[in-house]
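# Understanding the architecture of this molecule
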Amino acid sequence: MYQHAELAPAMTSIAMLLTRKQHLISRLEENPGPREREEIDRLLERVDAELDAVDSPDRL
């Protein structure tokens with residue numbers, strides 16, 4: 001399936017991050033209270049940062 005064995009773990013990590021991001025967005029759509037919204041926003045920022053790091057590992 002993969003041409004390079006080292007790509008499989010990276011793709012799994014990306015899929016997990018994207019799944020987590022979608023879950024967090026879904027939680028935001030449920031109109032949470034201010035504290036929960038703040039926590040969800042913080043977690044989304046972390047997921048986005050991790051996705052950016054995977055996309056451009058040389059920027060770290």
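Here, the structure is the one placed above.
A quick note: this is a predicted structure, and the numbers were derived from the prediction, not measured.

## Quick look at the overall build of the chain
From N to C terminus, the chain includes two helices and zero strands. In the chain, buried positions account for 17% of the 60 residues. Of the roughly 5000 Å² of accessible surface on the chain, a fraction of 54% belongs to carbon and sulfur atoms.

## Structural notes on the nonpolar core
Grouped together as the largest cluster of nonpolar side chains are eight residues: L17, L24, L28, I40, L43, L44, V47 and L51. Listed by contribution, the elements that provide at least two residues to this core are α1 (7-29) and α2 (34-55). For L51, the residues in contact, after removing those within four places along its chain, are I14, L17, L18 and K21.

## Observations regarding the environment of A10
With respect to the helices, strands and loops of the structure, A10 is situated in helix α1. In this structure A10 comes out as partly exposed when scored by relative accessible area, which is 33%. Taking the C-alpha atoms as reference points, A10 and V54, 44 residues apart in sequence, are found 7.8 Å from one another.

## Side note on the pattern of salt bridges
For side chains bearing opposite charge, pairing can occur when the charged atoms are close. According to the stated counting rule, one finds three salt bridges in the structure shown. A salt bridge links K21 to D48, with the nearest nitrogen and oxygen atoms 2.8 Å apart. With K21 in helix α1 and D48 in helix α2, the pair connects residues that are 27 residues apart, well separated along the chain. The class for D48 is partly exposed, based on a relative accessible area of 29%. Residues R42 and E39 are paired through a salt bridge, measuring 2.5 Å at the closest nitrogen-oxygen approach.

Calculation criteria
Residues numbered from 1 in each chain as written. Predicted model: local features only at pLDDT ≥ 70, side-chain atom pairs only at ≥ 80, totals over all residues. Heavy atoms only, no water. Helix = DSSP H or I, 4+ residues; strand = E, 2+ residues; numbered from the N terminus. Buried < 20%, exposed > 50% of the residue type's maximum accessible area, 1.4 Å probe, protein only. Areas by Shrake-Rupley, 256 points an atom, 1.4 Å probe, with all protein chains shown as cover. Core = buried A, V, L, I, M, F, W, Y, C linked by side-chain atoms within 4.5 Å. Contact = heavy atoms within 4.5 Å. Salt bridge = Lys/Arg side-chain N within 4 Å of Asp/Glu carboxyl O.

All we've got here are geometric facts, nothing functional implied.
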